[in-house]
Each structure stands twice: as structure tokens, then as C-alpha cells.
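Survey of secondary and tertiary structure
Chain by chain, the residues:
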Amino acid sequence: MAKDKPKQEEANTPKPSQSSALPVLPVRDTVLFPHAVLPLTVGRDSSVQLINSLGENKQIIVVAQQDARIDSPVPTDLYSIGTLAVVHKVVKMPNSSLFVFTEGTERVRIKNYTQLTPYMQAESVTLEEPAPDKSPEVEALQRNVLTLFQQIVTGSPTLSDELQTVAMNIDEPGRLVDFIGSSLPSLATRDKQEILETTDIRARLQRINKHLAKEIEVQQLRTKIQSEVQDQVQQSQRDYYLREQMKAIQKELGEQDENSRDVEELKKKIEAAGMPEEVKKEALKELSRLSRMSPAAGDYSITRNYVEWLAVLPWAKSSGGTVDIPKAKEILDEDHYDLQKVKDRILDYLSVRRLKPNMKGPILCFVGPPGVGKTSLGRSIARSLGRKFARLSLGGVHDEAEIRGHRRTYIGALPGQVIQGIRRAETNDPVFMLDEVDKLGRDFRGDPASALLETLDPEQNSTFRDNYLDVPFDLSKVLFICTANQLDPIPEPLRDRMEIIELQGYSEEEKLHIARRYLVPRQIEENGITAEQIEFPDSAISYLIRHYTREAGVRNLERTIGTVCRKQARRIAEGKTDKLVVNNDVIHEFMGGIKVRVDSEIAERTKRSGVAVGLAWTPAGGDILFIEANKMKGKGGFTMTGQIGQVMQESMQAALTWVRSNAKQLGIDEEVFRENDLHIHVPAGAIPKDGPSAGVTMATVLVSLLTDRLVRPYTAMTGEITLSGNVLPVGGIKEKVLAAKRAGIRDVILPAENRQNVEEDLDGGQLDGVTVHYVNSIDEALAISLPHSTAETKIDATEQERVLASTK
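A tally of regular secondary structure across the chain gives 31 helices and 24 strands. Taken against the 2.2 N^0.38 rule, which gives 28 Å for 808 residues, the C-alpha radius of gyration of the chain at 49 Å runs more than 25% over that of a compact globule. Expressed along its principal axes, the backbone C-alpha trace of the chain runs to roughly 155 × 65 × 55 Å. For the chain, the proportion of its 808 residues judged to be buried stands at 48%. Nonlocal contacts in the chain, meaning residues at least 24 apart in sequence, comprise 73% of its contacts between residues at least 6 apart. Carbon and sulfur atoms make up 48% of the accessible area of the chain, which totals about 40000 Å². Here the chain holds 104 positive side-chain charges and 117 negative ones, and the gap between their average locations is 1 Å.

Structure (C-alpha cells):
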């Protein structure tokens, strides 16, 4: 190969002239050295054409690509120095590629490319390799390179021992370097190319010496790591051993494993979460503990979940910005009709918050019968505030851990529903609705109502501690809204922490407005029909309200409207496409007969003496209550029936005592009490009843029975009585008056002290058609409820007959 041996070289390998062009074969991730045999897999179309075009002259130029990812390289993508090679054998593979055995002969520099398609051809110049000087330095380098290579072959499980023998038989230092470069798999393509491009023997020896020294160091390090790992584990723990070996290797190479990446990501989340300093300190402490744990450890997933919970909570992320008060009012009015007290309270809160942005959120409690819009009002409030909405139903919750979470020592432990709701809302100031707070349970697992005491206390919830997190979380920015049907089941300490806002039932006019504005359009849409296919006149809606529902809210009314819409949808599906105008006959056809007979029921049941209509408050709103009395021959006994409570029984006793003590003034023979047994019954005996508010009604019933005067029709009353005949105020006035109006009552007798409740809670439209009488004593109530002459009795009887006749 040396310049001074041209005859021998020409005999072995024909040398191309400077002007002749040879095919250029680009290769990826490999470098062919002179005197080395290299099997190549040729798969590119251009390269396959190149090999197939070779005739008797099997010489080609093999050049490495600078970037192995390029599939169709051009001259600029190739190194300028390659190797002249001879193709010895070509094997065709099943996948149309070729397996080519090539042998390098000498280094060449490509001068210029004469052809680019279908494959590249270029003119080249042989790089003459200077004869090595036999200096001690070159000899020392050659020996050192040989020794290092022998050590690497000995210590490597993948290199054949025959390589040592071949290397020892090479005398020329240049060929030795080329042989080692082609035999060392750890050398990068760029490093091999640098060796190929280095023609100076001394420089080439120095380069390969440096690479061999580095490889020796890596081998020793690998052996050290292997021995350290083997000292820690036994053979039976093979899986663990492999993981530890991989970790140790990555640690020495400065790389991160998957666990380290997770820890780093969690650390970034913690830094970005805006945690208080105390919480951040705890989170970093747990994260440090996590980084030292093996993923196979039992506590690993528990600790990881805990750190993740701390990292994802919205410690500093708020959703509420500047609130536009008129816009908020518009949203509240758009979503709900009436409910003026609630809307005023929300707008008051928004106004204060605008003046003082860091104020604590109020704890509101909406109390009212089902179907009046308590839950939907919470969503509307969140929309008007521009905040996220979270809801938690407390109905049937028995476990205190549902509110405050489980401690981390338990398997499957999680934070309580309050913290989970905050996470779902992704802000620290959502509108958080606690639905059905009056239906919380209580058993051996704890009392959830007591757990709510801290949550719903504005003075304490700024440092709320969930059992799972065990770090303080600020709930003071959350607007908590509770809902309940009645206040009695709510414990007093919990009730004391909430601002009670009562939502009474709706009058018929309000229901009509709600149905026309909200319910009818919604049911038309939900049942797949259009407003052009069905029409609900106000008279039809009023008929549905009066005769097919009796409720404080509007849920049953919406169901009834939905039933009518479904019937029309069926008509359309059957081919009847004409528009349906709903009237009484259509309602009878679709819904069946009248379900609630208001006018006729009262007229029918008050046709005899000893029957009066009382007013009662129920969790579902107000209702009318019939109270009946009768007498029979006996010895002065007094019977009370109808599943009545202790307070109601005492009211009956008080009514009887007052009637007996005032018998002479009322025109009642005192012998009646000694010679007859009296019986008071409150129908609907399956329903429990209690409370003092029916005292006036019971006294009226007894006087009506014993004086044989019928109570005036369409008159209802409520009020507690005393033994001295005074009438005391009672609660639930709005619900009772609205129930009376729904039932067709025209005159309502109320305690005088309840006048303020009527004036505040009821407007003129709700009292339309109802006359309210205020009384201070039973005498005044009797003067209104009982006729004073035969003429008045005849007028009342005529009215009753007219109503009964009209309903037949």
C-alpha cells in the first residue's frame, strides 16, 4: 500500500486513474476501513441499481453519511473522504435487498461527482499514506494500542479472542489502527470517520489510543458497578438486581430513570402550585422521601398519590374577577322567577365583595319545599359570579370521613368530598353547594354534621385540615350554599353557622308564569317537538295546576306538561301533523280524570256541622287539613284520633277546656258534656301530624258541633290558642296562605300578630281572591267562621249546592 511499493500494490489491487469515475455507495452508521472486509445490506433503490450495474470492474467508493436519518442523500450529505473497495460477493435477500461483501483497499478523497442519478458516480484521488518513521514514540504508541486492545477483548463478552491474534500479527501501525477501528463496536461513526480521515500515522495512533483508554475506563466502571450490585443482592433476587444495575449505570452516566423524571415533574408542579410555605415544606419533604424509595416498595404508591394531591390542588388559583352587579342581576332574573329575597342577598354579597375583595364568603342555607329551585339557584349564582360550580349531595351520608377524608394509614385512603370538589372545580373560590343538608345520617362511623362545623365556620375554615392531607387548606374564599327541606333535623350548632334564607312555595299565578317562561319551552324541546306543533294557552296551564297537581314547587307540573308533550309527539309519529292546541278536553283525554277536586271537596266535606278546614305546614309546602268532630251518648269521654302528636293532643284538650268554660256564652247546654262522649278526628290517619297551630280550628269545630251551626264554606284558619281564649302567632304563614288559595279558600283567619308576615312575604297578586281576617281571640274567629242568622246559613248552603252541582 505504501508509495514506495507501486508494483506490488498494482499487482494486488488495480489502481484507478485520476480521471476515471467510480460508483459511490453511501452507507449509514458505519465506516469501511482499508484492508477490512465488511458485509453491507443494500436496500435503497439507487444502491441496488449501483450493485446490479457493476460489470467486471467490481470497484466502488464506500462513503459514510453525515446524518443517518436521510433516506436519499445528495453529495453534500456525505463525507468527502471514503474508501475504495472491491465487491467480492452479492447475495439477494427475500425482501429485494442485497447482502454485499466488500473489502476496503485504500483511502480516497472525492474530487467531484459526475453523476447523481440513478446512482452517484465520482472522480477520486488516492490519499497517499506516508511511510511511518520508526521512532520510539510511534513504537511505544503502537505497543500501548495493542496492549489496550487486548485488555478490551479479554474483558468484553462480545468480542472474539481471535481478534487479539490477528492484531498481534499486524506490523504496520497504520493497518493496526484501521483494524482496531473496524473491530471496536463502541466507536461512534464520527470517531471512525476521523480516524479514516487522519493520514498521519502518529496522529492516528494517538486518536485510537485515546478511544481505547476511554473504553478501558468504561469497562472497569461497568465491572465495578456489577460487583457493587452483586454484593447487595443475591442470585434469587434477579429482577431486583437488574433494576439496581440499571439505576447504578444511569447514575454514573448522569442520566435519569423514569422514577427520577416523575419526581422532577412533581417538584415542578409543587413549585408552580403557589402553596403556603408550611404546605410546601411538607410536600418537598414527602417528595424527597419518594425519590429515595423503590417503585416496588409498598408505600411508594401511597406517598406518590399524596404528593400528587398536594401538587394539583388550586392553592392560589381563583376564578372570581370583578363582578358586574347589573349583569349578575340580569342572569339571576333570567334563570329564576321571583325569589326576590335570595337575589337581594346575593347582590348584597357581590356589592360588598366589590368594595372589599378579600372578604370571607357567606354560608347560606336555602330552606324550602321540593321543586322551588334551590339547587338550580346555586348554579345560577355561580354563573352570575363567573365562578366554577361544585355540588355535593349529603343525603344519606353517614360517614364523617366523607367530609374530612380518611387518614393515609388506610388502604385506598382519599381526601374528603370537600377537597375532592375543590380539585374538580380547579379553583379555590367556587360556589360549593351542599345539597340536602337536613338528610345527613349518623352512626358508629361518626357524625358528618359535626364534621361540617369546621367547614361551614368562616372563622375556622381558613385553616381547614382534611384527615388525608393533614395540612391546612383555605376554604374562606368558597361560597358555601346549603339546601334543606326543613330546619328541624339540622343540629343547632350547624344551623347557627348558616344564614337561613327561606324559599316558600309558589302561588298559582307564579306557577303559571314559570310554566309559560321555563317549563313549557323546556319540555317541548326535550320531547322532540316544536312550538309550531303544540300550544299551551294560559287557561290550559291553569287547569293543569289546579286539578292535576297540588304542590308548593313545580316538579309535578313539569312532569304533567311533559306527559302532554309526549302524547303530541306520539300523534306526530302516527302521522297526525296538525298543530295541537291544549284545552280541558285534550287534558282529560291525555291525563285522565281530574286528580285534585279542590272546590267540590271542601263543599262536600263541610256540609255538616263539626267540620272545619285548618291550615298546615309540611316539608313539601303548605296544605289544607280537615278536622272533624262528632258526639254520641256517653259519660263525658273525649277521644282524639288521626295519628296526632303530643302537642296537637294538648291543643285539643285546651280547645275543649275553653269551650266548656265558655259554654253559657256560646249557647251550649252544659249537660251535653256530661251526657255525651266527644270525638275529634284528623283525617289522613296514616300521616303523622303535630304542632299547636290547629288550636283555633279545633275550638271552632267543637263550637260548630255543639251549636249545630255549619262552618262557613271556603273558610280556613290557623293559630294557637290559650285557655283564656287568646290566639297566638304561628309559623309557615306564606305556605299556609298559598295552600289555602290553591284549594279555593276565600277567607283565611290568621292571628293578628302574623299580619307582618303576610305584608312582607305575600304580594297583592298572591292574595288576589283571598280575604285575610286577623283575630286576637277565639271569639273573633268564631264571629267570622260561623253564621249568625238563619239567612246567612241559607246563603252558605246555596253556595255549597251551586259548587257541588257545577262539578257533577
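In contact at an axis separation of 10 Å, helix H19 (residues 508-526) and helix H21 (residues 555-573) are set at 45° when each is read in the N-to-C sense. Comparing the axis directions of H19 and H21 gives the class oblique. Judged by the twist between their axes, the crossing of H19 over H21 is right-handed. Between H19, through Lys511, Ala515, Leu519, Val520, Arg522, Gln523 and Ile524, and H21, the contact on the second element is made entirely by Leu557, Glu558, Ile561, Gly562 and Cys565. Grouping the amino acids of the contact of H19 with H21 by side-chain chemistry returns seven nonpolar, two polar and three charged.

At a minimum axis separation of 10 Å, helix H12 (residues 325-335) and helix H13 (residues 340-355) run at an interaxial angle of 160°. For the element pair H12 / H13, the angle class is roughly antiparallel. Of the two possible hands of crossing, H12 and H13 adopt the one that is right-handed. From H12, Ile325, Ala328, Lys329, Leu332 and Asp333 reach across to H13, where they touch Lys343, Ile346, Leu347, Leu350, Ser351 and Arg354. Residue composition of the contact of H12 with H13, grouped by class: six nonpolar, one polar and four charged.

Let's shift gears to the environment of leucine 456. Within the secondary structure, leucine 456 sits in the loop between helix H17 (448-455) and strand S10 (464-465). Leucine 456 has contacts with Ile363, Leu434, Phe480, Cys482, Leu494, Arg497 and Met498, leaving out every residue within four places of it along the chain.

Let's shift gears to the environment of serine 294. Looking at where serine 294 falls in the secondary structure, it is placed in the loop between helix H10 (277-291) and helix H11 (300-312). By relative accessible area, which is 22% here, serine 294 ends up partly exposed. Placed 50 residues apart in sequence, serine 294 and glutamate 244 show a C-alpha to C-alpha distance of 9.5 Å.

Turning our eyes to something else, we now look at the pattern of salt bridges. It is possible for side chains of opposite charge to pair when their charged atoms get near one another. One pass over the full model with this rule turns up 31 salt bridges. Between glutamate 436 and lysine 439 there is a salt bridge; the shortest N-O distance is 3.0 Å. On the accessibility criterion, lysine 439 (37% relative accessible area) is partly exposed. Each of Arg107, Asp178 and Arg204 takes part in one network of salt bridges that share partners.

Here five strands make up an open sheet; going across it, the order is S8-S9-S12-S7-S13 and the pairing parallel. A single partner strand is all that each edge strand has here, and the edge strands are strand S8 (389-393) and strand S13 (499-502). When the angles between neighbouring strand axes are averaged without regard to direction, this sheet yields 20°. Where S8 lies against strand S9 (residues 431-435), five bridges are found, and the strand directions are parallel. What sits directly across from alanine 390, in S9, is phenylalanine 432.

Parameters and conventions
Going along each chain's sequence as written, the residues are numbered from 1 onward. In keeping with the predicted nature of the model, local features appear solely for residues at pLDDT of at least 70, side-chain atom pairs appear and are counted solely at 80 or more, and the whole-chain, interface and lining totals rest on all residues. To get the side-chain values, take all heavy atoms of the structure and skip hydrogens and water. Only DSSP runs of H or I with at least four residues qualify as helices, and only runs of E with at least two residues qualify as strands; both kinds are numbered from the N terminus onward. We compute the radius of gyration from the C-alpha atoms alone; for a globule the expected value is 2.2 Å times N to the 0.38, where N is the number of residues. Burial classes: relative accessible area under 20% of the type maximum marks a residue as buried, over 50% as exposed, and values in between as partly exposed (1.4 Å probe, protein chains only). Throughout, a residue-residue contact means that at least one pair of heavy atoms, one from each residue, lies within 4.5 Å. Surface exposure here means Shrake-Rupley accessible area, sampled with a 1.4 Å probe, where a residue is shielded only by the protein chains that are shown. A positive count includes Lys and Arg, and a negative count includes Asp and Glu. His and the chain ends are not counted in either. Where a charge lies is defined by one atom per residue type: Lys uses NZ, Arg uses CZ, Asp uses CG and Glu uses CD. Working convention: axes come from line fits to C-alpha atoms, limited for helices to the stretch in contact. Angles between N-to-C directions cover 0 to 180 degrees. Should an angle lie under 35 degrees it is considered roughly parallel, over 145 roughly antiparallel, and from 65 to 115 roughly perpendicular; all remaining angles are considered oblique. Here is the rule for handedness: rotate from the far helix to the near one, and if that takes an anticlockwise turn smaller than a right angle the crossing is left-handed, while a clockwise turn gives right-handed. In this classification, Asp, Glu, Lys and Arg are treated as charged, Ala, Val, Leu, Ile, Met, Phe, Trp, Tyr, Cys and Pro as nonpolar, and every other residue, Gly included, as polar. We define a salt bridge as a contact between a side-chain nitrogen of Lys or Arg and a carboxyl oxygen of Asp or Glu at a distance within 4 Å. Strand pairing follows a simple DSSP-based rule, namely that at least 2 bridges must link the two strands.

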